[in-house]
Amino acid sequence: MGSKEVSNADWQGKHVTVAGLGVSGIPAARALRGLGARVTVVADGDDARSREQAAALEADGVTVRLGDGDTLPPSTELVVTAPGWKPGKPLFLAAAEAGVPVWGDVELAWRLRGADGREPAPWLAVTGTNGKTTTVRMLASILEAAGLRTAAVGNIGVSLLDAVLGEETYDVLAVELSSYQLHWAPSLRAHSAAVLNLAPDHLDWHGSMEAYAADKGRIYEGNAVACVYNAADPATEHLVREADVEEGCRAIGFTLAAPAPSQLGVVDGILVDRAFVADRHKQAQELAEVSDVRPPAPHNIANALAAAALARAYGVKPAAVRDGLRAFRPDAHRIEHVADVDGVAYVDDSKATNTHAAEASLAAYDPIVWIAGGLAKGAAFDDLASGAAKRLRGAVLMGRDRALIREALARHAPEVPVVELARTDTGAMSEAVAEAARLARPGDTVLLAPACASMDMFTNYNKRGEAFADAVRARADGA
């Protein structure tokens, strides 16, 4: 098969194993079956939900093997995997031994571009440890303001397969890609791409920081116009230098400071472009005001600059950058102001599920009563505690790995009062908010920025954020 476009005839009778049910596996199985492939889905689970999904797929002519996710079915010619399945899984080891390629859903979508005869839409791709979803949604808003047919797709929740194979046509796609997805997408070649930042995350999956960074860096491979990097994060620029790109592709930096040539940055409260102008050594193009970015926290301004850089790489006019940023509204649980109660602001950043995200959130406020804790995923908290020490009025810690944060605060911020909650029931967040309110003074911010995953106590970070917001609103109603 070719590296980019594939004809429908190439799939007739091809034996494909799809690894995993769910948001990527089911669309992949249906798409491949629709192209004439012989599809077998394997899954680890065998619960009621899995059996229901299996029955629906089997009605479409797909074979499903539940509770057997480690065995490679006989005659398999290709494996298409859900992005979260680890590379060391026996299924993939068996595939490697048999010489069977393994693709992710992103790779499959990339290969199926143009399979229906339509001109494929170019991809503007975004990855990074934090800020991906916000940046991609900002980018889509800017592209829409420019009058382009677009969609925010990929890891953001909208299936790339649906975008590639659906009836709607697009001029360009704003694509969020996780490190998992990039690991399984060897032939992806974006028009332009950005790595927003790099910090330790998902190391249990990748095995090392080096492997994690290398998978992130795949997003730059074969870029045609621009590789966008974070000037404040040298690791992202290093990935650009290591990438094999098309002739003429440029390295474009973004910075919260005044930009150098070939960068976007900030001057006197204005987002400016010194990259996509006629004379970048002498000229700077105004794009938008910092106040056009919601919320105007430093890391969110960086997100806006990255989105603007990708849009400008695609040829979008400055006015569309401004209009798109003004139209953008952030998702829930991302530095979301919930309420002011007794002169104290309550901010929900439940999406801050790692130390890097929490660091950015803590940098946006002062003074802070910090609510944190959950599943640490192997993270260390010394740098986070040290950097935030001067901003903290107090801390309320909860969740399974709260002791790791308490110990880091004891080492680096011993003067900061800490309340530790042992309870893990659904009422724990209400108690955390009550304790934070007791520590806070008028003018302070109570900030939920857990620096940890949520699954020890909540279904996901959304549920954790909702519990925080409910507790704050109950307090406001009683004030």
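Participant: Would you mind showing me how to read the side chain of T445 here?
Facilitator: Along the chain, T445 falls in strand β20 (residues 445–448). Aside from chain neighbours lying at most four places away, what touches T445 is A345, V347, Y365, P367, I368 and V369.

Participant: Just to check I follow, could you spell out the pattern of salt bridges for this structure?
Facilitator: Pairing between side chains of opposite charge can happen when their charged atoms approach one another. On inspection of all chains with the given rule, the structure shows 23 salt bridges. Residue K14 is joined to E77 by a salt bridge in which the shortest nitrogen-to-oxygen separation is 4.0 Å. Note that K14 is positioned in the segment before β1 (15–19) and E77 in the loop between β3 (63–66) and β4 (78–81), a separation of 63 residues in sequence. Classification of E77 as partly exposed rests on a relative accessible area of 36%. Taking the shortest distance from any N to any O, the salt bridge between E431 and R423 comes out at 2.9 Å. Overall, the relative accessible area of 33% leaves R423 in the partly exposed class. Here the salt bridges share partners, and the residues they tie into one network are D44, D70 and K89.

Participant: Which parts of the structure should I look at to understand the sheet that holds strand β9 (residues 192–195)?
Facilitator: Strand-to-strand pairing in sheets goes through backbone hydrogen bonds, with the strands running parallel or antiparallel. If you trace the 9 strands from one edge of the open sheet to the other, you get β7-β8-β6-β9-β10-β11-β12-β13-β14, paired in mixed fashion. In the strand order of this sheet, the two ends are held by β7 (152–154) and β14 (285–289), each with one partner. Strand after strand, the sheet turns through a mean of 25° between neighbouring axes, direction not considered. Sheet topology note: the strand β6 (residues 123–127)/β9 ladder contains 4 bridges and is parallel. Residue pairing across strands places V126 opposite A194, the latter belonging to β9. Against the sheet, helix α11 (residues 298–313) engages β6, β9, β10 (226–230), β11 (250–254), β12 (263–267), β13 (270–273) and β14, with an angle of about 135° to β12.

Conventions and cut-offs
Here the residue numbering is sequential within each chain, running from 1 through the sequence in written order. Local features in a predicted model are, by the rule used here, given only for residues with pLDDT of at least 70; side-chain atom pairs are given and counted only at 80 or more, and totals for whole chains, interfaces and linings are based on all residues. Excluded from the side-chain calculation are hydrogens and water; included are all heavy atoms of the structure. The helix count covers DSSP runs of H or I at least four residues long, the strand count covers runs of E at least two residues long, and both are numbered beginning at the N terminus. What makes two residues a contact is simply this: any of their non-hydrogen atoms within 4.5 Å. By salt bridge we mean one thing: a side-chain nitrogen of Lys or Arg within 4 Å of a carboxyl oxygen of Asp or Glu. Only protein chains enter the calculation, and the probe is 1.4 Å; a residue is then buried if its accessible area is under 20% of its type maximum, exposed if over 50%, and partly exposed in between. Two strands are said to pair when DSSP picks up at least two bridges between them. Axis definition: a line fit to C-alpha positions, over the contact stretch in the case of helices; interaxial angles, taken between N-to-C directions, run 0 to 180 degrees.

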